[in-house]
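# Tertiary structure, described
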Amino acid sequence: MSLLRVENLTKEFGGVRAVADLSFAIDRGRIHSIIGPNGAGKTTLFNLITGVYTPTAGRISLDGHDITALPTAARAARGIQRTFQNLQIFFNMTAIENVMVGRHLHLDTRFLPSLLSLPAIRRANRSAAERATELMRFVGLDSWLDADADAMPYGALKRLEIARALAAEPSLLLLDEPAAGLNPKETADIDALIQKIAASGTTVVLVEHDMKLVMGVSDHILVLDYGQRLAEGTAEEVRSNPEVVRAYLGQAAPGVG
Amino acid sequence: MKRLPLGTGGLLALAAIVVFLPFVLPNNFYFDVAVKTGLNAIVCIGLNLLIGYAGQISLGHAGFFALGAYSSAILTARYGWPAPLAMLTGAVGVGLIAFVVARPILRLKGHYLAMATLGLGIIVAIVINREIALTGGPDGMTVPAFSIGGWRAVGAQTWYWIVGGALLLAVWLSLNLIDSGVGRALRALHGSEVAAATAGVDIPRYKTLVFVVSAVFASLAGSLFAHADRFLTPVEAGFLRSIEFVTMVVLGGMASTFGGVVGAAILTVLPQLLAGFHDYKHLAFGAIMIGVMIFMPKGLVPSLAMLLRRRPRAGAGP
Amino acid sequence: MSEFLQFLFSGIGNGAIYALVGLGFAIIYNASHVINFAQGEFVMIGGMATVSLIAGGIVPVWLAMPVAVAVAGGIGMALEKFAVEPAALRRGGGASVVGLIIITIGASIFIRGAVEVWLGKDFHRLPPFSGSEAIDIAGAKLDPQILWVLGGLAAVVAGLKWFFERTRFGKAMLAASHNRLAAQLVGIDIRRVLLASFGLSAALGALAGILTAPITLTKYDIGIMLGLKGFCAAILGGLGSGFGAVLGGLALGLAEAMAAGYISSAYKDAVAFVIIVVVLILMPGGLFGAKSSERV
Amino acid sequence: MSNRLLQRIGATAFAVAATLGLAAAAEAQTIKIGSFLAVTGPASFLGDPEAKTLRLYADRVNAAGGINGRKIEIVIYDSGGDARQAVTFVKRLIEEDKVDLIVGGSTTGETMAVVPLVEEAQIPFISLGGASVIVEPVKKWVFKMPHSDRMAVEKIFADMNKNKLTNVAIIGGSGAFDQSCRKEAQTLSAKYGVKVVADETYAPTDSDMTPQLTKIKNAAGVQAILGCGFGAPTSITARNYRQLGMQNIAFYFNHGVGSQQFIDGAGGGAEGVKVPVAALLVAAQLADGDPQKKIGMAYTEAYKAAHNQPISTFGGHAYDGFFVAIEAIKRAGGTDKAKVRDEIEKTKGHVGVDGIYNMTPADHMGLSLDSFKMVVVQNNTWKLLY
């Protein structure tokens, strides 16, 4: 059974269909990519899957359960995590606290014990901090453990978002342009990180403009254009699809971010 | 975590101030000012959770403060309830009201949220002004002494210790909450609602929670205020009182528990200092509000703390 | 019938005042995304300055009104220059809503305090422009000054329409309100736009204060409630919509008058706030506000 | 947050306390009169002239050498008309400034709020508030100067009886002063055979009373209107009354409108309005033999000269309060609080601008109904009727 199934999904903004009658499925345990020209509806799709937007029509199911009507937080509880194209960092907190928020679903958040700082809460706090530290090391942020988030450079913040998402131990991780704005060295690091994450058993879905990265890591690619499915398959199949080539010729050639 | 020992240190320092301040207060008038400072500080600690930490706005918290105060006053004076029960009933009632209005209101953002809370506060003030049979109207009403069993809490010095204890308790609770998963969730929804929701934070639940908590803090402080001063007027519910609370929070420092305390102390003592200036006091008060916001937008405590820490910081945000 | 008409006149008269104050909120909000809580004080300055100029014999009577409007405009610009701008522009677009609210409320307390000290605490009245003999319409009495207020409101609305649609600077202000960054890129000086918006809405407020002083009288502390009601009008109309603010103001005035007439005059003041809270809960964007969706 | 920071805050608190403490260590030789008045806020029309009057006459007495060789020091705090602020300032007057007696409390609300404090501290207190509740029942340390609002309503109802007007409508604000007048009117109506047939309220910030007046106009059989209030709303009410063409209904106001401002603000609307006021307002029109004429005119001139403002009856309350206190201190031969209190209570035949005071242990106000004068607005000025 597929992990994520999207059926006849449609989203309209004032008459404009950003996603139009789209259906596809994401299998467990692989790296998937969603590509397409600007305005193809990729980020809108992520917003629909995570519940930031409510679809105009259609159905989204995770593990066979219909999640179309669930709010974002409830979807997170079912194992969906994401990062953002425009960074959504908690700039009012330290780096490690950002990651600790990612642990939210695994914490004891009962109000009264928290207010009284009961031993159980303090224990949970400590273990959350430990886990957050591990994750920051995992994504390569060892040197930023004590930093305030607003003092960190862009590249580090992109990793911080990934660490925060991983802290929730997701079954499905959506990465929205993880390599955008990064230099080749940083992009290569992200490439390795994505593979490491996938290897640990998390299903990764990538929206990305960097075709070298996409073609290199993806087991499966979905191509969108005007909110509709243009093509689907392995890197090789997509690259040789004449429709995809035509769609991309309209703007820059594939491979340019 | 680094914050915990710092918070504990601050709490101990505050406790020391509470214990040693009486040795330098020359007479009961100063004790009275200290009591008011403490009660305002408790409101500010709660309000700071809402404004400073969770990033919401309330221009109507004087309404909750006054509801707590008048609940205590009316239930004890008109119905003869025991003071602790009246205080508790007030807090529960205010909590319920806050709970009911929180969800629809906290969907609003920015100026719309400001207007809605402002409107609520003013409605409370108008009702208190008009329901003269119950509240005494604009003339105010006298409040019986706070008593448990045979013991009556009267006199500025007695109240100094009661309020001092309550303040330390409030600071301790606030520090606990902030340093828990709940507190981080609140700060997260300030930083980015969508990211917080993605991390699994139930946004409406947490907004409601913090609104209710801050309202109950205000209500309890209001109840104590009513009994400490033994006299209550609708001015306590007014728009300017709400603004005063918010200004205390911002002046002392947003997202800083001790900031709320410092802001409350300054803005409670300041009018007493300005009392001698008569006609010019409004002029001076307005100028101070503007000046602080321009030159110390982050508030006193965070600005000073930053100077002391000298931690390198990049520009705020992208 | 005559009773209803009487309430209607009362409501329109008050509503026109709220509309003028609300319009001031809308202009400033559009240009700067600042809610100027000192807006009500400009209404007060308009009335008090005119009264003082006439009483002091400083300028001839016919000149007192334009001078008072200019004085208010100048104070508005000073407020922007010395209080709002240092806070609003320093942190780019990240100026905190609460901080700006406190600054403009501080300014309103300051202005009120200054007038209290220099012009006194008494209330004053300007002579009506065309006598105070009421006009009889179907048994209801209409204060002729209300016609002046309505005429003023119409003139202001027409003038603003012309200014924002026809003049270069007006168009620049409008552009800046839609997209500040883009406006800056095409060479519009944001500081000048902000300055002008405060000056303009302060002058509008003062005009409202002068037109209404014969009806409502004027005093150093009338600005507080007027400011709050004007804010209600602006929010009711959907922040930033001038047209909405005018409709919102008239709607509030009418609702108040009808409530005072038919329900309870004791709770008249609460009407505006009950309406605003209910509207915000049911229609979070105000009655005429565009729905904005969040972009991630 | 750090300990150092908190220490600094503590140090600042010490410094503030020390500064305030120094101010308190004033000369013990002066006679200290404390006062809390509504100098600003909605009741500033009361507190402002009261404060000016207290200062004016303290300076005059000091210039003339003081009382028994001791200078007078006046300490005035602005309560803004808020009773709770008044409580704070009275604590400050008693605890910090250690005043010898208190003359103040512009409003009834402020006064009633501080009565328990004053009684507990056993300090003489002469209130400038209006309501009869201040001295009924008698409180040992509390006195009051102005006529009671009950007396104003009685005077008005008596006048209505004389003119055979029985059906009265009340219009007044939501403030304390207005509400007290309204309550007295309801209570006294039976005694004078008057029927209250309508009762309308406006907010202190209202700027148009036509809805309320329209309802009164359309209520059946209204013969007279009783206005309860003060300040701008009263002028607006009078103006709207005229615009609605209601002159066939008699219009009375209580004593809250005792100033020229009311007439000017109404823009002709006040013509024919009757008001019971203190003799002070019409001092010049009093008969030459009237003992109040000389003192009233002297005060009027002195106040005008000092502030270039017309007098109001409210400043007159402070004038009377000040001199009742001074005379009592003179008679007591010092500022012993108990002696001063006793002497205030023994005030007999004291001619003030509000009337002639005759206090007794049972009457801590000492004015009679005839010290109120009924006046009518004629040609934009007050005209004495009787």
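Below or above, wherever it landed, is the structure these notes cover. Everything quoted here is computed from the prediction, not taken from an experiment.

Basis of the calculations
Residues numbered from 1 in each chain as written. Chains lettered and ligands numbered in written order. Predicted model: local features only at pLDDT ≥ 70, side-chain atom pairs only at ≥ 80, totals over all residues. Heavy atoms only, no water. Pairing = 2+ DSSP bridges. Helix = DSSP H or I, 4+ residues; strand = E, 2+ residues; numbered from the N terminus. Axes fitted to C-alpha atoms, helices over the stretch in contact; angles between N-to-C directions. Contact = heavy atoms within 4.5 Å. Buried < 20%, exposed > 50% of the residue type's maximum accessible area, 1.4 Å probe, protein only. Right-handed = clockwise from strand over helix to strand, strands pointing away. Polar contact = N/O pair within 3.5 Å; in protein donor to acceptor, adjacent residues only side chain to side chain. Buried area = accessible area lost by both parts, 1.4 Å probe. Salt bridge = Lys/Arg side-chain N within 4 Å of Asp/Glu carboxyl O. Nonpolar A, V, L, I, M, F, W, Y, C, P; charged D, E, K, R; others polar.

## Here we look at the sheet that holds strand E9 (residues 220–225) of chain A
All names here are of chain A. If you walk across this open sheet you meet the 6 strands as E6-E7-E8-E3-E9-E10, and the pairing is mixed. Only two strands of the sheet have a single neighbouring strand rather than two, namely strand E6 (80–82) and strand E10 (228–233). The sheet shows a mean angle of 20 degrees between the axes of neighbouring strands, taken without regard to direction. Bridge count for strand E3 (residues 31–35) against strand E8 (residues 203–207) is 4 bridges, and the pairing is parallel. What sits directly across from Ser33, in E8, is Leu206. Helix H1 (residues 42–50) contacts E3, E6, strand E7 (172–176), E8 and E9 of the sheet and is inclined by roughly 150 degrees relative to E7.

## What to know about the arrangement of the chains
Take the 5 pairs of chains in contact: the one carrying the most contacts is chains B and C. For chain A and chain D, which are not in contact, the least C-alpha distance works out to 16 Å.

## Quick word on the pairing of strand E1 (residues 31–37) of chain D
Regular strands have side chains that alternate between both faces of the sheet. All names here are of chain D. Of all 7 residues making up E1, 7 are buried, and the element is well covered by its neighbours. The two faces of E1 match: Ile31, Ile33, Ser35 and Leu37 on one face and Lys32, Gly34 and Phe36 on the other face are all buried. Pairing between E1 and strand E2 (residues 72–78): 7 bridges, direction parallel. Pairing of Ile31 across the sheet is with Ile72, part of E2. Note that the unit made of E1, helix H2 (residues 44–63) and E2 has a crossover that is right-handed. Here E1 pairs with strand E3 (residues 101–104) via 2 bridges, running parallel. Bridged to Gly34 within E3 is Ile102.

## Structural notes on the side chain of Thr104 of chain C
Residue and element names in this part refer to chain C. Examined against the element boundaries, Thr104 turns out to sit in helix H4 (residues 97–119). A distance of 3.2 Å separates a polar side-chain atom of Thr104 from the backbone nitrogen of Phe37. Apart from residues lying up to four places away in sequence, Thr104 is in contact with Val34, Ile35, Asn36, Phe37, Ala38 and Val84.

## Quick notes on the interface of chain C and chain B
Between chain C and chain B, the residue contacts involve 46 residues of the former and 40 residues of the latter. Among the residues of chain C in contact with chain B, Val98, Ile102 and Tyr267 of chain C are the three that bury the most area, contributing 15% of the side total. Counting across the interface, chain C meets chain B through 0 salt bridges. Run the count over chain C and chain B and you get 4 residue pairs in polar contact (both at pLDDT 80 or more). Residue assignment for the side of chain C that touches chain B shows that the elements contributing at least two residues are helix H3 (61–88), H4, helix H9 (223–236) and helix H11 (268–282) of chain C. Partitioning the side of chain C that touches chain B into residue classes produces 34 nonpolar, 7 polar and 5 charged.

## As for the pattern of salt bridges
What the rule picks out here adds up to 51 salt bridges over all chains. For the salt bridge of Lys36 of chain B with Asp32 of chain B, the shortest nitrogen-to-oxygen distance reads 2.9 Å. Taken together, the residues Lys36 of chain B and Asp32 of chain B, both in helix H2 (residues 28–53) and 4 residues apart, mark about one turn of the helix. Asp32 of chain B carries the same exposure label as Lys36 of chain B, and that label is buried. Among the charged side chains, a network of salt bridges with common partners joins Asp32, Lys36, Asp229, Glu236, Arg241 and Glu244 of chain B together with Arg84 and Lys91 of chain D.

Note that every value here comes from positions in space, so none of it alone points to a role or purpose.
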